[in-house]
Amino acid sequence: MEKIRILTDSGSDICAPFPENLTVIPLTIHFGPEEYRDGETIDHKTFYEKLTSGSALPTTSLIPPGEFEQAYKKAQDAGETVIAIVLSSKLSGTYQSAALAAEGFDHVYVVDSLNATLGEQILVKYALQLVERGMSAADIAAELERAKSHVNLMGLPDTLEYLHRGGRVSKTVAVLGGALSIKPVLRLVDGVVVMIGKARGSKNGNNYLIQEVNKSGVDFSKPLCLGYTGLSDELLQRYIADSRQLWEGKVDTLPISTVGATIGTHVGPGAIVVAFFDNQ
C-alpha cells in the first residue's frame, strides 16, 4: 500500500500535536532583529503579546528550498510519497520554494492552496481524510487541485489599525473607521485578500459575515474551521451565538483554531475568521 506524507507550512496555523503522517515546516517571523520559527520558538499567544506591545509590524520570511528538500529526502528514505500543500503563491514565495525543491524528486506533488491560515488548514485536513480513505497520492493531488477553488476564507477584523499600519488602508480611513466603529469584511479571492464590504459595529459585521457564508453555502461533508486572532475568543463566541442557525444540527462540534502571524500581522487582534468548502 502506498505510504503518503502530507506536508504543509506553518501558515496553515495547524497546531501540535500533529497526525503521524503530517509534517509542518515553520515560517520565520521577524520582530526587528529578533527571529523566531513559527510554532517552534514562538507560539500564537506570544506572537500577539509581542505584536500588541510593539510599534513596528513583524515580517515573515518564505521557507527556503533547502528546508523542503530535507523534508522530501526524509520522506523518500522512508518510502513515502509527498503531497505538499502550501501558502498561496500570491501571498508568499513559499510555493515557489516547494516547487523548486520538488524538481529533484520523483514522488512529490506540490499544491498551491491559493489560500492561507484556516483556508489552507482545511485543505490539509481534507487531504488527510482522503489518505484515510485509501486514495492514491496522484488522485489526492488531483482532487485537491479541483477542490481548492471551493475553499472559502472570510474574516472580520475588529480594527482598521493594523490594515493601516500594513499600508492597506489610509490613515484617514483608519481614523474615521475607528470613530464610526467600521468593521471591514475580508475574503480571500483567487489567492489574495480583498475587502468585500463594510459594516458599522460588531453586530452588523457579524450579520454581514453570516450572510456571506449563507450565500456561498457550506459543504458539511468536508472540513470547516472557525478562528480568531489575539488572546481572547470573546468576539468569536459572540459570532458563534449570532450564527447558530448556520451550524446547529449540521455539525457535532465547531472546530476552533487560533490564527497566527501570516494573517494576524495584517488584521491585528480581535478578528474573526471562517473557513469552509462551499457546496456549489
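Note: the structure precedes this text.
A brief look at the structure comes next. Predicted, not measured: the structure shown is a model, and the values here were computed from it.

Quick look at the packing of helix α4 (residues 117-132) against helix α5 (residues 137-147) now. Between α4 and α5, whose axes approach to 10 Å, the crossing angle comes to 145 degrees. With respect to the hand of their crossing, α4 and α5 are arranged in right-handed fashion. Residues L123, Y126, A127, L130 and V131 of α4 pack against I140, E143, L144 and A147 of α5. A breakdown of the residues in the contact of α4 with α5 according to their chemical character gives eight nonpolar, no polar and one charged.

One finds I6, F68, Y72, I83, I85 and L144 to be the most contacted residues of the largest nonpolar core, which totals 61 residues. When residues of this core are assigned to their parent elements, the largest contribution, nine residues, is made by α4. Apart from the residues lying within four places of it in its own chain, the contact partners of F68 are L7, I25, I63, V86, T94, S97, A98 and A101. Core analysis: the second largest hydrophobic core is formed by 18 residues, I240, L246, I272 and V274 among them.

In helix packing, the relevant descriptors are the interaxial angle and the interaxial distance, both defined with respect to the helix axes. Relative orientation of the contacting elements helix α2 (residues 65-77) and helix α3 (residues 94-102) amounts to 50 degrees, with a least axis distance of 8 Å. Classified by the interaxial angle, the pair formed by α2 and α3 is oblique. Seen along the crossing, α2 lies across α3 with a hand that is right-handed. Note on element contacts: α3 touches α2 through T94, S97, A98, L100, A101 and A102, opposite P65, F68, E69 and Y72.

All right, on to the packing of aromatic side chains then. Counted under the stated rule, the structure contains seven aromatic pairs. When the ring of Y72 is compared with that of F105, the centres are 5.5 Å apart and the planes differ by 80 degrees; the resulting orientation is edge-to-face. Placement of Y72 in helix α2 and of F105 in the loop between α3 and β7 (108-112) is noted, with a sequence separation of 33 residues between them. Grouping residues by exposure puts Y72 and F105 together as buried. Through a chain of ring-to-ring contacts, the aromatic side chains of F31, Y36, F47 and Y48 assemble into a single cluster. A cation sits over an aromatic face here: K50 above F31, 5.4 Å from the ring centre.

For the rest of this paragraph, the subject is the sheet that holds strand β1 (residues 3-9). Note: strands within a sheet are paired through backbone hydrogen bonds, in either parallel or antiparallel orientation. Spatially, four strands are ordered β2-β1-β6-β7 in an open sheet, and the strand pairing comes out parallel. Single-partner strands in this sheet number two, and they are β2 (22-25) and β7. Sheet twist, expressed as the mean angle between neighbouring strand axes with direction ignored, is 20 degrees. Pairing geometry for β1 and β2, over four bridges, is parallel. Paired with T8 across the two strands is V24, which belongs to β2. Each of β1, β2 and β6 (80-86) is contacted by α4, which is oriented at about 175 degrees to β1, the strand it contacts most. Against the sheet, α5 touches β1, β6 and β7, its axis set at about 10 degrees to β7.

So, about helix α9 (residues 234-242). The α-helix winds at 3.6 residues per turn, so residues separated by three or four positions along the chain end up facing the same way. Restricting attention to buried positions, one finds in α9 the residues L236, Y239 and I240. Around the axis of α9, the buried residues are gathered within 100 degrees of arc, so they sit on the same side. Lining the buried residues of α9 we find α8 (202-216), β11 (224-228), α10 (244-247), β12 (256-258) and β13 (272-277).

Strand order in the open sheet made by the three strands is β4-β3-β5, with antiparallel pairing throughout. Strand pairing shows two members of the sheet lacking a second neighbour, β4 (34-37) and β5 (59-61), which therefore form its edges. Shown here is a sheet whose adjacent strand axes are inclined to one another by a mean of 30 degrees, direction ignored. Strand direction decides the pairing type here: strand β3 (residues 28-31) and β5, joined by three bridges, are antiparallel. Among the inter-strand pairings, I29 is bridged to a residue of β5, identified as T60. Set on the sheet, helix α1 (residues 44-53) makes contact with β3 and β4; between it and β3 the angle comes to about 30 degrees.

Calculation notes
- Residue indices follow the written sequence of each chain, beginning from 1 at its first position.
- Since the coordinates come from a predicted model, pLDDT governs what is reported: local features require at least 70, and pairs of side-chain atoms require 80 or more to be given and counted, while whole-chain, interface and lining totals use all residues.
- Side-chain figures throughout are based on the complete set of non-hydrogen atoms in the structure, without hydrogens or water.
- Helix axes use the C-alpha atoms of the stretch in contact, all axes being lines fitted to C-alpha atoms, and the angles between their N-to-C directions lie in the range 0 to 180 degrees.
- Secondary structure elements follow DSSP: runs of H or I no shorter than four residues count as helices, runs of E no shorter than two count as strands, and numbering proceeds from the N terminus.
- A clockwise turn of the near helix away from the far one marks a right-handed crossing, whereas an anticlockwise turn of less than a right angle marks a left-handed crossing.
- It only takes one pair of heavy atoms within 4.5 Å for two residues to be counted as in contact.
- Residues are grouped as follows: Ala, Val, Leu, Ile, Met, Phe, Trp, Tyr, Cys and Pro are nonpolar; Asp, Glu, Lys and Arg are charged; all remaining types, including Gly, are polar.
- Here, nonpolar core means buried Ala, Val, Leu, Ile, Met, Phe, Trp, Tyr and Cys residues that are tied together by side-chain atoms lying within 4.5 Å of each other.
- Remark: exposure states derive from per-residue accessible area (1.4 Å probe, protein chains only) relative to the maximum for the residue type, with buried under 20%, exposed over 50%, and partly exposed in between.
- By definition in this entry, angles of less than 35 degrees are roughly parallel, angles greater than 145 are roughly antiparallel, angles of 65 to 115 are roughly perpendicular, and the rest are oblique.
- For Phe, Tyr and Trp, where Trp contributes only its six-membered ring, two rings pair if their centres lie within 6.5 Å, and the inter-plane angle classes them as stacked under 30 degrees, edge-to-face over 60, or tilted in between.
- Should the NZ of a Lys or the CZ of an Arg lie within 6 Å of a ring centre and within 35 degrees of the ring normal, that charge is described as sitting over the ring.
- Strands are labelled as partners when DSSP assigns at least two bridges between them.
- Arc definition: directions from the helix axis to the C-beta atoms.

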